[in-house]
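Here's the letter readout for the chains.
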Amino acid sequence: MYQVVPGGAGGTVTDVIPKQKLSKDTRPLVGAGVIGLVLVIAAVTAWCYYIRSLRKAELLKTELLDLNKDGYIIRNQGGSIVFRMDFRSGTLDLDSCSKEGEILSCVRTTDRKLIFFIETVRPKDTVQCYRVRWEEVVPDIPVEHAMTYKFAHWYGGAVSAVQHWPISISGQQAPKPFVTSDIYSNRDEFGGILESYWISSNATAIKINNSVPFHLGWNDTEKTMYFQARYNDSSFKPNPGEMPCAELSYRVCVGSDVTSIHKYMVRRYFNKPNKVPAEVMFRHPSWSTWALHKTDIDQEKLLTYAANIRKYNFNCSQMELDDGYSRHYGDFEFDPVKFPNASAMFHKLKSDDFMVSLWIHPFVNHDSENFHTCVERGLFVREPTGQLSALVRWWNGIGGILDFTNPETRDWFASQLRSLRSRYGVSSFKFEAGEANYLPWKFKTLESIRDPSIFTRRYTEMASLYNDRAEARSGYQSQNISCFFRPIDRDSVWGYELGLKSVIPAVLTISILGYQFILPDMIGGNAHVNRTYGNRGLPDRELYIRWLELSAFMPSMQFSIPPWEYGDDVVEIARKYTALHESLVAPRVLELASEVLSTGDPIIRPVWWIATGDETAYKIDSQFLIGDDLMVAPVLEPGKQERDIYLPAGHWRSYKGERFDIKEPLHLTDYPVDLDEIAYFLWV
């Protein structure tokens, strides 16, 4: 009920109890009450904030991932941190974040709008994946995340001039375009076989999406790798009509062990070969003219080389006529002075059961008779306006580089190869170069390509018609080309910089990247002046023998410096190991090669493949497996006739007949290995 007070609004109130002044004794009680009320309000506010923080913290968790304003961490099922990524291009405004189902998304940083989400995907019981995407909505702002690599050993990425297994990072590098490069000429760049994929010993894998304008940097002090997406100051470019808004998107997957998570990633993300190359290429060595003769090759020298292969009773899958057979680069014809009767030469070689492969490349030099034709028909990569053909410098001069995004270019190039094949009976081709670093920094192709390494892909596709015997040295998303892939030329030295010690890490790296039909370059290296350990212009004898022994356990073998250059004893060692390759190695490789078509699993495998819980196995770079049952341990040090060997738990028999039945890994210290031996162990 209401009570009517006389006087109305603004009037005088009558009959009101007079106010009384507070006594001095009651004033402290009132003050205490006010303070108490403030404390109660503060406590309630703090409690509400705490409850809200708990709800926000719960919101920012998704399965085993914890997101904060500066990045996120991922734990394994045991609660240990296995992956950490920090945001370097902005701080998330967590109040802009929300969660719907398995997707946690945010729409702002502290100073701008963006598109950000993490989606949890559980494709199988033993694998947990997270799709991560950070997309800027304002042009020319780079996106950069920093992955901490201190929690584990990491593998993958690209071949490099100084190759280690696992990856060894030194110094600091600002993010630079992650594109294919010729690391023989540019030793600080990424190599010619490259994929934006890495796995770690703690069963974590990361795959950067192919659409990302991806730049990679690192800092060994902070133990971080910088994953950056950008278009400004970059050879990457957006698709026509798109704004240059950078997007960094990738998937992180965590499994139960490194082998199983790699198997999942390869099956899910990599192309697979569609066929196995010719069996003879796995069984018998090929013979190249390059290291022996360089460009000083001619008809007489080639026929003499072939005659000596027969004289010393070696098998030959094919001869490889390398650089130096044409007058000008881009002619697709034999130099009539050096090869006065090429047709008769090929007839002779064929009658002696030699198949011949030719060295080719994507360049047409300005002095070639084909240069004008290519300019007139628009077959070259162009400068950015598209009006003029671009000139590029490569190791053999200056010319145009063929635009393999152009169907007319592909047809013209293929017609040149068909002509060589039909006129001379050429069996196949060695596809040299193809790396993106030979493109101009800014360029235009008929089909716009946002990622320069797509040029590598388009070039290697030209090998598809010849993939029974073809060889390529560059690859990007090219696992299905089904030819032999060769890491870049090796120097005739012992060390990790393009030397003998780099062979196993390089082969393991490209195996992890999905390239399984591997030609590990020429036995003994390329014998380049000033890059050769030895005398008389030849690689050191001991180096040559150790290289020969290692190559015998690779998927394919290739000679150039012939063993008879060292005398009869080395010829006998070479016969021994070519025979062992044919009888022991090739059958296993061929069996595994057929499995590659469906699985993509490596033929040459790291030791940790069968020892996933052993920290020692993660760091071994001088042993490898062929499949799961043949362990190889070559000697890679000069002057050594012994080595330490790691044997995983199991039942092993050595090449000497020794039996090892072990329940725990075994370390064999100073195991004797003579100069004409290579240590290997078979699973019994």
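- As recorded by an unreviewed UniProt entry, the chain carries the name Myogenesis-regulating glycosidase and is attributed to Neolamprologus brichardi.
- Among the UniProt annotations of the chain, the heading Sequence similarities (unreviewed entry) holds the following wording: "Belongs to the glycosyl hydrolase 31 family."
- The UniProt entry for the chain carries the following comment under Function (unreviewed entry): "Putative glycosidase. Promotes myogenesis by activating AKT signaling through the maturation and secretion of IGF2."

**Focus on the state of the cysteines**
Step number 1: A complete count under the given rule lists two disulfides for this structure.
Step number 2: Sulfur-sulfur distance for the disulfide between C97 and C106 comes to 2.0 Å. Taking the sign of the torsion about the S-S bond as the criterion, the disulfide between C97 and C106, at about 100°, is right-handed. Neither residue differs from the other here; C97 and C106 are each classed as buried.
Step number 3: Disulfide partner of C129: C253, at an S-S distance of 2.1 Å. For the disulfide bridge between C129 and C253, the dihedral angle about the S-S bond is near 110°, and by the sign convention the bridge is right-handed. Of this pair, C129 sits in strand β8 (residues 127-136) while C253 sits in strand β16 (residues 247-254), and the two are 124 residues apart along the sequence. When sorted by exposure, C129 lands in the same class as C253, which is buried.

**Remarks on the sheet that holds strand β31 (residues 650-654)**
Step number 1: A sheet is described by the order of its strands in space; here six strands give the open sequence β27-β28-β29-β34-β31-β32, paired in antiparallel fashion. On the outer flanks of this sheet lie β27 (604-605) and β32 (659-662), each paired with one strand and no other.
Step number 2: Sheet analysis places β27 next to strand β28 (residues 624-626), joined by two bridges and oriented antiparallel. In the strand pairing of β28, I604 is matched with I626.

**Structural notes on the layout of surface pockets**
Step number 1: The space that makes up the largest pocket amounts to roughly 600 Å³.
Step number 2: For the largest pocket, the lining is made up of 25 residues, of which S160, V162, I167, S168 and W218 are closest to its centre.
Step number 3: Breaking the lining of the largest pocket down by element, the ones donating at least two residues are β10 (154-158), β11 (172-177) and β14 (214-219).
Step number 4: A per-element tally of the lining of the largest pocket places β10 first, with three residues.
Step number 5: Looking at the second largest pocket, it is lined by 19 residues, and the ones nearest its centre are Y184, W290, W395, D489 and H528.
Step number 6: For the lining of the second largest pocket, the residue count by class is six nonpolar, four polar and nine charged.

**Comments concerning helix α12 (residues 568-599)**
Step number 1: Taking 1.5 Å per residue, 32 residues should reach 46 Å; α12 reaches 43 Å between its end C-alpha atoms and fits that length.
Step number 2: V585 marks the point of greatest bend in α12, at about 45°, and the proline P587 comes within the next four residues.
Step number 3: Just past α12, the residue G600 takes up positive phi, approximately 80°.

**Things to note about the sheet that holds strand β3 (residues 71-75)**
Step number 1: Taken together, eight strands build an open sheet; the order of strands is β1-β2-β3-β4-β9-β15-β14-β11 and the sheet is antiparallel. Among the strands making up the open sheet, the edge pair consists of β1 (61-62) and β11.
Step number 2: Two elements, strand β9 (residues 143-148) and strand β15 (residues 224-229), share six bridges in a ladder whose sense is antiparallel. The residue bridging V143 from the neighbouring strand is A229, located in β15.

**Focus on the nonpolar core**
Step number 1: If you look at the biggest cluster of nonpolar residues, it comprises 214 residues, and the most contacted ones within it are L67, Y72, I206, F227, F334, F431 and F553.
Step number 2: Here this core gets 13 residues from one element, more than from any other, and that element is α12.

Cut-offs used in this document
Numbers given to residues run from 1 along each chain, matching the order in which its sequence is written. The predicted origin of the model limits local features to residues at a pLDDT of at least 70 and limits the giving and counting of side-chain atom pairs to 80 or more, whereas totals for whole chains, interfaces and linings rest on all residues. The basis for every side-chain value is the complete set of non-hydrogen atoms in the structure, without hydrogens or water. UniProt positions are given in the numbering used here, feature names are shortened, and annotations may be inferred rather than shown by experiment. In this description, a disulfide is simply a cysteine sulfur pair whose atoms lie within 2.5 Å. Type-normalised accessible area, obtained with a 1.4 Å probe on protein chains alone, sets the label of each residue: buried when under 20%, exposed when over 50%, and partly exposed for intermediate values. Helix and strand assignments follow DSSP, with helices taken as H or I runs no shorter than four residues and strands as E runs no shorter than two, numbered in order from the N terminus. A strand pair is defined by DSSP finding two or more bridges across the two strands. Space inside and on the surface of the protein is sampled on a 1 Å grid over the protein atoms alone, with a cavity defined as a set of points where a 1.4 Å probe fits but cannot get out and a pocket as an open set with protein on both sides within 12 Å along at least 5 of 7 lines; lining residues have an atom within 4 Å of a point. Grid points are joined across faces, edges and corners, and a volume is the space filled by probe spheres set on the points. Gly is placed with the polar residues, together with every amino acid not listed as nonpolar (Ala, Val, Leu, Ile, Met, Phe, Trp, Tyr, Cys and Pro) or charged (Asp, Glu, Lys and Arg). A helix is expected to span 1.5 Å for every residue after the first. To get the bend at a residue, fit one axis to the 7 residues ending there and another to the 7 starting there, then take the angle between the axes. Take the buried Ala, Val, Leu, Ile, Met, Phe, Trp, Tyr and Cys residues and link them wherever side-chain atoms come within 4.5 Å; each set so joined is a nonpolar core.

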